[in-house]
Amino acid sequence: MKFKFLFRLFLPFALGYFISYCFRSVNAIIVIPLREEFLFSNSQIGLMTSMYFFSFALMQIPLGKLLDEIGPKKTNFFFLLISSFGAFFFSLSDSFFGFLVSRALIGIGVSAALMSSFKIITIYQPKEKWTFWNGCILFFGGLGAMSATYPVEVFIEYFGWRSFFLFFGAFNLLICIVIYFFVPDKKYKVSSSFSLLEIILSKKFWNIVGVSILVQSFNMSVQTLWASPWLYDVHNFSTQKVSKILLVLASATTLGFFLWGYIDSILKNVSTKTIFYFGIFCFFLLQIYLSLGFISNPYLIWFLWGIFGTSASLTFAILSKSYPPEVSGRVTTALNFFIFMYSFFVQWFFGFLVDFYSTSQNFMVSYQYTFLCFLLIQVTGFIFFNLLYYKK
C-alpha cells in the first residue's frame with residue numbers, strides 16, 4: 001500500500017503541483033525581459049501575471065464539486081491538459097492581450113493540482129497523517145518555485161523565454177499521460193450534508209481561514225513577482241544576482257512547507273492553530289522590518305520570508321480536519337478560491353501602489369509604503385477574524 005500510494009498516487013500528483021508552482025513563480029524571472037521587450041508598465045505587468053490568480057480562483061468554484069464527485073484523477077488530468085495549451089500559447093504571444101489570455105489558460109489548467117493532491121491524501125491516508133503528507137505535496141511546489149529561479153534564468157539566457165514555455169508545456173503533457181495511464185481510480189462517496197454556500201457563509205469557516213487568506217495571498221504575490229522588481233529597483237542588482245536570491249527564497253519556501261508540517265506532526269501537545277499563529281507573527285515582524293526601510297542582508301531577509309510566509313499553509317490541514325472527508329474537496333477549494341481571488345487583487349494593486357508612490361518618491365520609499373499598506377491589512381484582518389468576528 002505504501003509503495004502504491006507513493007509512486008502511483010503521490011508522485012504523479014506532486015509533479016503536477018511542481019508544474020503549477022513553477023508556472024506561478026516564473027513571473028519573477030521573465031518580468032524583466034517582458035518589461036524591456038514590450039515596454040510594459042508595473043501596472044500592466046501586475047495585471048498580466050495576476051490573470052493566473054484570477055482564472056485560478058474562478059475555477060475553484062466548480063472544482064470542489066468535481067473532486068468530491070468524479071474524483072481527483074479525472075479532474076486533474078483534464079485541467080492539466082488546459083495548462084499545456086496555455087503554455088504553448090504564451091510561447092507564441094506577441095501582444096498584451098495574448099499574454100493575458102495565455103496566463104488565464106495556465107491558471108485554469110493548474111488550478112486543480114494542489115486541491116486534487118489534498119483530496120488524494122484524505123482518501124488514502126489516516127487523518128493524523130494529513131498534515132505531514134500535505135507538507136510533502138507543498139514541498140514539491142517549493143521545488144517548482146526553486147526551478148523557476150536561477151535554473152530558469154540560465155535556461156532563458158541560452159534558449160529564450162519562449163523556449164521555456166514550450167519545454168514546460170511538453171513536460172506538462174507528459175504528466176497528464178502518467179496520471180491517465182498509471183494513477184488508479186475508484187468510486188467516491190458523495191455527501192450532501194454541506195453545500196458550498198453553507199461552508200463559506202459559516203462563522204467556523206472564516207474563523208479558520210480569514211487571516212490565512214490575507215497572509216497567503218500577500219506572500220504568494222510577493223514571492224512569485226514583486227520580490228524580483230524590489231531587488232532590481234532597490235538594490236540595483238544584476239539579473240544573475242537577483243535569480244540567485246530568488247533561488248534562496250524558493251529554497252526556504254520549499255523547506256518551510258515541509259518544516260511546518262513536520263513540526264505539527266511531532267508537537268502532539270501543541271495545536272496546529274498555535275503553530276500557525278507563531279509563524280504568521282514572525283512573518284509580520286519581517287514585514288515591519290522591510291516597511292521601516294531595512295534592506296541589508298537580502299539573502300537573509302528572503303530566506304526568512306520563505307520560512308515564515310509558508311506557515312499559513314497549515315490552514316489547509318486545520319480546515320480538512322474540521323469537516324467530513326467526503327466534502328474535503330469543497331472545503332479546501334473554497335479556501336483556495338478566496339486566496340487566489342485576493343492574490344489577483346494584491347499582485348495588481350502592489351504594482352499600482354509602487355507606481356503611485358514612485359511619482360514623488362524614490363523606489364525604496366515607494367516599496368516601503370506598499371509593504372506597510374499590506375501589513376496593515378493583514379494585522380487588521382487578524383484582529384477582526386480572531387478577536388472580534390469570533391465573538392459575535
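Now for a description of the structure that goes with this document. Note that the structure is predicted; figures quoted are calculated from it, not measured.

1. Section: the pattern of salt bridges
Evaluated as defined, the whole model comprises two salt bridges. A salt bridge links Glu69 to Lys65; the nearest nitrogen and oxygen atoms lie 2.7 Å apart. Of this pair, Glu69 and Lys65 both sit in helix 3 (residues 42-69), four residues apart, which is roughly one turn of the helix. Taking relative accessible area as the criterion, Glu69 reaches 34% and is therefore assigned partly exposed. In this structure, Arg162 and Asp94 form a salt bridge, with 2.6 Å as the shortest nitrogen-oxygen distance. In this pair, Arg162 sits in helix 9 (residues 161-182) while Asp94 sits in the loop between helix 4 (72-92) and helix 5 (96-109), placing the two residues 68 residues apart along the sequence.

2. Considering the packing of helix 2 (residues 27-38) against helix 9
Between helix 2 and helix 9, the least distance of the axes is 11 Å, while the angle of their chain directions is 130°. As the angle between them shows, helix 2 and helix 9 are arranged oblique. Along its contact with helix 2, which presents Ile30, Pro33, Leu34, Glu37 and Phe38, the element helix 9 presents Trp161, Arg162 and Phe165. Grouping the amino acids of the contact of helix 2 with helix 9 by side-chain chemistry returns six nonpolar, no polar and two charged.

3. A word on the packing of aromatic side chains
Taken as a whole and judged by the stated rule, the model has 68 aromatic pairs. Summarising the aromatic geometry, the rings of Phe118 and Phe316 are spaced 5.2 Å apart at their centres and angled 50° between planes, so their arrangement reads as tilted. Of this pair, Phe118 sits in helix 6 (residues 113-124) while Phe316 sits in helix 15 (residues 314-321); the two residues are 198 residues apart in sequence, bridging distant segments of the chain. Exposure remark for Phe316: the relative accessible area of 2% places this residue in the buried category. It is Lys73 that lies over the ring of Tyr180; its NZ or CZ is 5.9 Å from the centre. Above the ring of Tyr323, the side-chain terminus of Lys204 is found at 4.3 Å from the ring centroid.

4. Considering helix 9
The end-to-end C-alpha distance of helix 9, which contains 22 residues, comes to 32 Å, matching closely the 32 Å that a straight helix rising 1.5 Å per residue would cover. Among the residues making up helix 9, those that are buried are Trp161, Phe164, Phe165, Phe168, Gly169, Asn172, Ile175, Cys176 and Ile179. The arc enclosing the buried residues of helix 9, seen along the axis, measures out at 130°, which places them on a common side. Those residues of helix 9 that are exposed and angled more than 90 degrees off the buried face are Phe181 and Phe182.

5. Focus on a nonpolar patch on the surface
Nonpolar side chains collect at one region of the surface, where Phe281, Leu285, Ile288, Tyr289, Leu292 and Phe294 lie side by side and expose about 580 Å² of accessible area between them. Among the secondary structure elements, Ile288 is positioned in helix 13 (residues 272-291).

6. Focus: the side chain of Thr49
Within the secondary structure, Thr49 sits in helix 3. Leave out the neighbours within four places in its chain, and Thr49 touches Asn27, Arg103, Leu225 and Gln347.

7. Considering the nonpolar core
Soluble, globular proteins show a tendency: their nonpolar side chains are buried together. Counting 131 residues, the largest nonpolar core has Phe165, Trp302 and Trp305 as its most contacted members. Of all the elements, helix 11 (residues 203-235) adds the most residues to this core, at 18 residues. Discounting chain neighbours no more than four positions away, the residues touching Phe165 are Phe23, Val26, Ile30, Ala87, Phe88, Phe90, Ser91 and Ile106.

What counts and what doesn't
- Residues numbered from 1 in each chain as written.
- Predicted model: local features only at pLDDT ≥ 70, side-chain atom pairs only at ≥ 80, totals over all residues.
- Heavy atoms only, no water.
- Salt bridge = Lys/Arg side-chain N within 4 Å of Asp/Glu carboxyl O.
- Helix = DSSP H or I, 4+ residues; strand = E, 2+ residues; numbered from the N terminus.
- Buried < 20%, exposed > 50% of the residue type's maximum accessible area, 1.4 Å probe, protein only.
- Axes fitted to C-alpha atoms, helices over the stretch in contact; angles between N-to-C directions.
- Parallel < 35°, antiparallel > 145°, perpendicular 65-115°, else oblique.
- Contact = heavy atoms within 4.5 Å.
- Nonpolar A, V, L, I, M, F, W, Y, C, P; charged D, E, K, R; others polar.
- Phe/Tyr/Trp six-rings, centres within 6.5 Å; stacked < 30°, edge-to-face > 60°.
- Lys NZ or Arg CZ within 6 Å of the ring centre and 35° of its normal.
- Expected span 1.5 Å × (residues − 1).
- Arc of directions from axis to C-beta.
- Patch = residues over 30% accessible without salt bridge, like charges linked within 9 Å, V, L, I, M, F, W, Y side chains within 5 Å.
- Areas by Shrake-Rupley, 256 points an atom, 1.4 Å probe, with all protein chains shown as cover.
- Core = buried A, V, L, I, M, F, W, Y, C linked by side-chain atoms within 4.5 Å.

Keep in mind these numbers describe shape, not what the thing actually does.
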